[in-house]
Protein chains: 2
Amino acid sequence: MTTAYDELMAFQRETEALGQVAGRLGWDQETMMPRGAAEQRSEEMSAMEGVLHARRTDPRVGEWLAKAEPADAVAAAQLRHIRRSYERSVKVPARLAQELARVTSVAQGVWAQARAKEDVPGFLPILQDVIRLRQEEAACLAAGGDAYDALLNDYEPGATAAGIGAMFDRMRPRLVALRAKVLGAAKQPAALQGSFGADAQMRMARDLATAFGYDWERGRLDLAVHPFSSGSGDDARITTRVAEADPFNCFYSTIHEVGHACYELGIDSDYRLTPLGAGVSMGVHESQSRIYENQLGRSRAFTGWMFTQMRERFGEFGITSADEFYASVNRVSPGYIRTESDEVQYNLHIMMRFDLERDLIGGSLSVKDLEDAWNARFLADFGVAVDRPSHGMLQDVHWSVGLFGYFPTYSLGNVYAGCLHRALRADVPDLDAALAKGDATPATGWLRERLQRHGGLREPKDTIAEACGFEPDEGPLLDYLEAKFGAIYQL
Amino acid sequence: MTTAYDELMAFQRETEALGQVAGRLGWDQETMMPRGAAEQRSEEMSAMEGVLHARRTDPRVGEWLAKAEPADAVAAAQLRHIRRSYERSVKVPARLAQELARVTSVAQGVWAQARAKEDVPGFLPILQDVIRLRQEEAACLAAGGDAYDALLNDYEPGATAAGIGAMFDRMRPRLVALRAKVLGAAKQPAALQGSFGADAQMRMARDLATAFGYDWERGRLDLAVHPFSSGSGDDARITTRVAEADPFNCFYSTIHEVGHACYELGIDSDYRLTPLGAGVSMGVHESQSRIYENQLGRSRAFTGWMFTQMRERFGEFGITSADEFYASVNRVSPGYIRTESDEVQYNLHIMMRFDLERDLIGGSLSVKDLEDAWNARFLADFGVAVDRPSHGMLQDVHWSVGLFGYFPTYSLGNVYAGCLHRALRADVPDLDAALAKGDATPATGWLRERLQRHGGLREPKDTIAEACGFEPDEGPLLDYLEAKFGAIYQL
């Protein structure tokens, strides 16, 4: 006899499988699709979205949810995820969901053009539409509660703007102080010199992925304009990009995406094609990509191995010792662009976006005042005047596609990575010996066992707390940054 | 006011878009998918098949079909296709359709492993499952009629096993006689000597595709174990394979798939994502791939250009004149593999598969006896004993994925290509001048205008008759083969 729970899970499994298909289509679009197929592809994607939306709002899901009895903690967690998704879907009228899909799809193109032309006024009207629609959506979701929190909860269940704001207030003084000391230090690291062949970069990127234990039987590496990872279960693919003057862009994009993919591939195979079979939140996902990229990939031990590898593969590039190379990898320099930022400054970029987008959604900042607000805040936080909109408020795609409440999950990821790193080092004291030989798999093994394998079983913050053995906060990240950059810059 | 026809076509358009998504997933599986993702992929394919089946059997389609009034011949043709698909789909239970999708997806992997390991017993159980499911499906479709005809009609509407069998009976004596004379001829063409680098082969394959007018803005070329083409509208991709000792394998696989893809890409763009927006049948499709590959790609004029190109790219390979090269390209030699077969023997390969698969579906041949039956028939028809299963019954993917009734469409394609070639040469008398310069686009232009652009507008046989200006039969193909090989072998 099948129960309501069994029927719901069978239905959900097909929905998850179709979601994977839609994801694969997105991967194809960014990596393989011929350019002339774009218009047809948008119809194909739209048809898939229609199928998925119909399943997510299918009234039978509500009926099954009302009747289903979880037999254990795993079943309870599955139901929690399905209920959250269903309730979210039914709260938003179909008309609003369609309008949002339509407007954000147009807005992304408008943003790309505006960024290319440095044309803020050309972007503001549609940004205003996106904000108005997301405000409407937030009102449906919040049911009287905080609108921004309702949006944030899509990406980080359980997080609140108040909590994140308080954390940012604690982080800011130490980061600002560290940044000032680093940029004022007498000795500044050198940058790499020369040109680094694309094929050799890609070969090294493959070896880096292998070093972190990426499972090539269940993944692959391709080129994309903006690196991303895609897919869950047994098919988690990564992409990177290549700039011949800047091999670190390729290498650290690869390691970052390997972190995301290892999380997906590390989840218990029993959860495959169920709600528990994917990373639990954006913040927890980012904790994996960040600890791989920064605490491990930019460590003295691992960069020592990378230095030897790069000398063998690329010859001379103006850096002659492993210590110099380590400093170069971790070089802090003034810059406008979040995605090119270093570990010290990255969270300052996020903090200003967080404050600005809260004000936009809350209504206290209007889009016509956004550019001035951005530029004033950037000057205050970074000491530099924004020289053009593409270095300022037009640099990120997020707001054009309606991603309000997403930015803070990047910093949450950094904070969580700091906590995980502290626990990892305590549990695996000889990790540096492996990293120095180009082997990061003991770290992947620890993360898989303590965190990755659980997928969506626990709430995001509990996922981190269980893995670390303590409640996460910003302390470990800040301690790590001060120690690391204090040593590199001899502060 | 929307009519039933408009509503039906809007619904159908989404179904066509989802069909393209499923096709892209198939392409991915053969070219890009990590091996470890096979099991998950079979669930994803099955879920897509479930969605498509639900749409194809949606009762609203039946209601719209009952009410829809076609305004013109195009609308009438659209309705004819939708009606055929609807009537076919409602005959097959959803459970059976999903089971077929699941089992064939697994079986394809099992076949690939079995072929690699020469392991017939490892393949038979799942082949038995595939046959049983296709028999069940055929019984649903045939409604008391011939089971094999019911399967054949999926690939070639209007064709019957009796008609094809009679045609094969007329073809066999002339082909057997030609084969005997050719293999017994005093002077045999030389084979290429040496090794041909994989990268250089792929570069030449790209240039060959360009020579035939393949639109790279709406397609791409990748490697696959078994070359195929995939996709309609603005996204028609091709694959090839590379063997360093045998560049013709790569080159003629490419030209063959370019023929398929040019057909799809040549269809009137008004038909995109409608039932008319795809090649009308497998036989007509194969007529395009075959005329590109054989009548054009293996012509004296085009091979003259290829000879120059190969000398430039690969240096010496034991062939010193364009005439010798032409003979080498068209060399007839004993061999086990259908896909490597020459024009003289190819249809003999098909005839044996046609007889064997009719017996498998009809039940007079069991899978446990298949290997013996294959080997006995091969010895009788080709005078050679099969030396290993990968040279025998494990060589083709078709049966593993349930393609019973498909093989004869290859020979129909050859027959149709013979007819089209006769008409093309009459209409474009100076074609050889262009081919000799490596430009086959006048042929693509003629085929697009006379045949390709119409897509599914006419029934398969009428499509050929309209393009040629005469009713197709095997005569032109046999005349062409006797003249061509009579000259090459000085018979």
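Source: prediction; values computed, not measured.

Asks: What's the story with the overall build of chain A in this structure? I'm lost.
Replies: For chain A, the count of helices and strands is 20 helices and three strands. For 491 residues, the compact-globule formula gives about 23 Å, and the C-alpha radius of gyration of chain A, at 23 Å, lands near that figure. When its C-alpha atoms are laid out on the principal axes, chain A stretches across 65 × 55 × 50 Å. Relative to its 491 residues, chain A shows a buried fraction of 57%. Within chain A, residue pairs in contact and separated by at least 24 positions form 73% of the contacts whose partners lie at least 6 positions apart. Accessible surface, chain A as shown: approximately 19,400 Å² in total, 51% of it carbon and sulfur. Averaged over its 53 positive side-chain charges, chain A has a centre that lies 2 Å from the centre of its 70 negative ones.

Asks: Hey, could you run me through the environment of arginine 331 of chain B in this one?
Replies: Residue and element names in this part refer to chain B. Assignment of secondary structure puts arginine 331 in the loop between helix H13 (322-329) and helix H14 (346-362). Sequence separation between arginine 331 and proline 189 is 142 residues; the distance between their C-alpha atoms is 6.0 Å. Contacts of arginine 331, omitting those with residues within four sequence positions, involve Pro189, Ala190, Ala191, Asp342 and Tyr489.

Asks: What's the story with the sheet that holds strand S1 (residues 221-223) of chain A in this structure? I'm lost.
Replies: Residue and element names in this part refer to chain A. In spatial order, the strands read S1-S3-S2; together these three strands make up an open sheet with mixed pairing. Each edge of the sheet is formed by a strand with only one pairing partner; in this case those strands are S1 and strand S2 (229-230). Where S2 and strand S3 (residues 237-240) come together, two bridges link them in antiparallel fashion. By the bridge assignment for S3, serine 229 is matched with isoleucine 238. In the packing of helix H10 (residues 247-266) onto the sheet, contacts are made with S2 and S3, and the angle to S3 comes to roughly 160 degrees.

Asks: Can you help me understand the pairing of strand S3 (residues 237-240) of chain B in this one?
Replies: Sheet faces and side chains relate simply in a regular strand, where the side chains alternate between the two faces. All names here are of chain B. By the alternation rule, side chains of S3 split into Arg237 and Thr239 and Ile238 and Thr240, which are all buried. Two elements, strand S1 (residues 221-223) and S3, share three bridges in a ladder whose sense is parallel. Paired with leucine 223 across the two strands is threonine 240, which belongs to S3. Hairpin connection of strand S2 (residues 229-230) to S3: six residues between the antiparallel strands, including glycine 231 at a positive phi of 105 degrees.

Asks: Where do I start with empty space enclosed by the protein in this structure?
Replies: Gaps left between atoms are located by rolling a probe of water-molecule size over the structure's atoms. All names here are of chain B. The full count for this structure, using the stated rule, is four cavities of 30 Å³ or more. By volume, the largest cavity amounts to about 100 Å³. Around the largest cavity, the lining is made up of 14 residues, and of these Arg290, Asn294, Glu343, Tyr346 and Asn414 lie nearest the centre. Those elements that place two or more of their residues in the lining of the largest cavity are helix H11 (282-296), H14, helix H16 (407-427) and helix H20 (475-488). Of the residues forming the lining of the largest cavity, the biggest block, four residues, is contributed by H11.

Asks: Sorry, what's going on with the UniProt feature "binding site: Zn(2+)" (unreviewed entry) in chain A here?
Replies: Residue and element names in this part refer to chain A. The positions that UniProt labels "binding site: Zn(2+)" (unreviewed entry) are, in the present scheme, His256, His260 and Glu286. Taken together, the annotated residues stretch across 31 residues yet fold into one region, lying no more than 8.7 Å apart by C-alpha. As for its placement among the helices and strands, histidine 260 is situated in helix H10. Ignoring any residue separated from it by four or fewer positions in sequence, one finds histidine 260 in contact with Ser229, His285, Glu286 and Ser289.

Asks: Help me out: how do you make sense of the pattern of salt bridges in this one?
Replies: Where charged atoms from two side chains of opposite charge come close, those side chains can pair. Enumeration according to the criterion identifies 91 salt bridges over all chains in this entry. Across the pair glutamate 39 of chain B and arginine 272 of chain A runs a salt bridge, and its minimum N-O distance is 3.3 Å. Placement of the pair is glutamate 39 of chain B in helix H2 (residues 38-56) and arginine 272 of chain A in the loop between H10 and helix H11 (282-296), with the two residues belonging to separate chains. Notably, a salt bridge pairs glutamate 43 of chain B with arginine 272 of chain A, separated by 4.0 Å at the nearest N-O pair. Linking glutamate 43 of chain B in helix H2 with arginine 272 of chain A in the loop between H10 and H11, this pair reaches from one chain into another. Its relative accessible area of 11% is what places arginine 272 of chain A among the buried residues. Salt bridges sharing partners connect three or more residues here, namely Arg13, Asp215, Arg218, Asp234 and Arg272 of chain A together with Glu39 and Glu43 of chain B.

Asks: Can you walk me through helix H5 (residues 94-117) of chain B in this structure?
Replies: Counting along an α-helix, one turn takes 3.6 residues, and residues three or four places apart therefore face a common direction. In this model, H5 of chain B (24 residues) spans 35 Å end to end at C-alpha, consistent with the 34 Å of a helix rising 1.5 Å per residue. Two residues or fewer past H5 of chain B, glutamate 118 of chain B is found with a positive phi of approximately 55 degrees.

Asks: Could you clarify how one ought to interpret the domain arrangement of chain A in this entry?
Replies: Frequently, the measure chosen for interface size is the accessible area removed from exposure when the parts meet. All names here are of chain A. Annotation of chain A at the domain level lists domain 1 (4-145) and domain 2 (146-491). Using only C-alpha atoms to locate each centre, domain 1 and domain 2 end up separated by 25 Å. With 44 residues of domain 1 at the interface, the matching set in domain 2 holds 49 residues. Roughly 4,000 Å² of surface becomes buried between domain 1 and domain 2 when both sides are summed, with 62% attributable to carbon and sulfur atoms. Three residues, Trp27, Glu118 and Arg134, lead the burial of domain 1 against domain 2; their summed loss comes to 16% of the area buried on that side.

Asks: Help me out: how do you make sense of the relation of the copies chain A and chain B in this one?
Replies: With an axial shift of 1.0 Å and an RMSD of 1.3 Å, the rotation relating chain A to chain B amounts to 173 degrees. In this assembly the copies share their binding face: 100% of the residues contributing to the interface of chain A also contribute to that of chain B.

Asks: Quick question: what am I supposed to make of unusual backbone geometry here?
Replies: In terms of backbone geometry, most residues other than glycine have negative phi values and most peptide bonds are trans. Residues and elements named next belong to chain A. Even without being glycine, alanine 143 reaches a positive phi, approximately 45 degrees. On the secondary structure map, alanine 143 appears in the loop between helix H6 (120-142) and helix H7 (147-155). Its identity is not glycine, yet leucine 273 carries a phi of approximately 60 degrees, on the positive side. Counting through the fold element by element, leucine 273 comes out in the loop between H10 and H11. Judged by relative accessible area, leucine 273 falls into the buried class, the value being 7%.

Asks: Whenever I open this one, the interface of chain A and chain B confuses me. Can you help?
Replies: Of the residues lining the interface, 37 residues belong to chain A; the matching set on chain B comes to 38 residues. Taken over both partners, the interface formed by chain A and chain B buries close to 3,000 Å², and the fraction arising from carbon and sulfur atoms is 54%. Here chain A and chain B share 11 salt bridges between them. Seen at the junction of chain A and chain B, the total is 17 residue pairs in polar contact (both at pLDDT 80 or more). For the side of chain A that touches chain B, the elements supplying multiple residues, two or more each, are helix H1 (4-31) and helix H2 (38-56) of chain A. Looking at which element gives the most residues to the side of chain A that touches chain B, the answer is H1 of chain A, with 11 residues.

Asks: I'm lost on the packing of aromatic side chains in this one. Help?
Replies: Given two aromatic rings, one states the distance between the centres and the angle between the planes to describe the pair. Residues and elements named next belong to chain A. Enumeration over the complete set of coordinates arrives at 46 aromatic pairs over all chains. Their ring planes at 70 degrees and their centres at 5.8 Å tell us that tyrosine 148 and phenylalanine 354 sit as a pair that is edge-to-face. Of this pair, tyrosine 148 sits in helix H7 while phenylalanine 354 sits in helix H14 (residues 346-362), placing them 206 residues apart in sequence. A relative accessible area of 4% means that tyrosine 148 is categorised as buried. Using a relative accessible area of 0% as the deciding quantity, one classes phenylalanine 354 as buried. Measuring from ring centre to ring centre gives 6.1 Å for tryptophan 399 and phenylalanine 407, while their planes differ by 90 degrees; the resulting arrangement is edge-to-face. Among the residues examined, phenylalanine 407 registers a relative accessible area of 1% and is labelled buried. Taken together, the ring pairs connect Tyr155, Tyr346, Trp374, Trp399, Phe404, Tyr406, Phe407 and Tyr410 into an aromatic cluster.

Definitions and limits used
- Residues numbered from 1 in each chain as written.
- Chains lettered and ligands numbered in written order.
- Predicted model: local features only at pLDDT ≥ 70, side-chain atom pairs only at ≥ 80, totals over all residues.
- Heavy atoms only, no water.
- Helix = DSSP H or I, 4+ residues; strand = E, 2+ residues; numbered from the N terminus.
- Rg over C-alpha atoms; globule rule 2.2 N^0.38 Å.
- Buried < 20%, exposed > 50% of the residue type's maximum accessible area, 1.4 Å probe, protein only.
- Contact = heavy atoms within 4.5 Å.
- Areas by Shrake-Rupley, 256 points an atom, 1.4 Å probe, with all protein chains shown as cover.
- Lys, Arg positive; Asp, Glu negative; His and termini not counted.
- Charge placed at Lys NZ, Arg CZ, Asp CG, Glu CD.
- Pairing = 2+ DSSP bridges.
- Axes fitted to C-alpha atoms, helices over the stretch in contact; angles between N-to-C directions.
- 1 Å grid on protein atoms, 1.4 Å probe; cavity = no way out; pocket = protein on both sides within 12 Å on 5 of 7 lines; lining within 4 Å.
- Points joined across faces, edges and corners; volume = space filled by probe spheres on them.
- UniProt positions renumbered as here; feature names shortened; annotations may be inferred.
- Salt bridge = Lys/Arg side-chain N within 4 Å of Asp/Glu carboxyl O.
- Expected span 1.5 Å × (residues − 1).
- Domains from an automatic or database assignment.
- Buried area = accessible area lost by both parts, 1.4 Å probe.
- Least-squares fit on C-alpha atoms with pLDDT ≥ 70 in both.
- Polar contact = N/O pair within 3.5 Å; in protein donor to acceptor, adjacent residues only side chain to side chain.
- Phe/Tyr/Trp six-rings, centres within 6.5 Å; stacked < 30°, edge-to-face > 60°.

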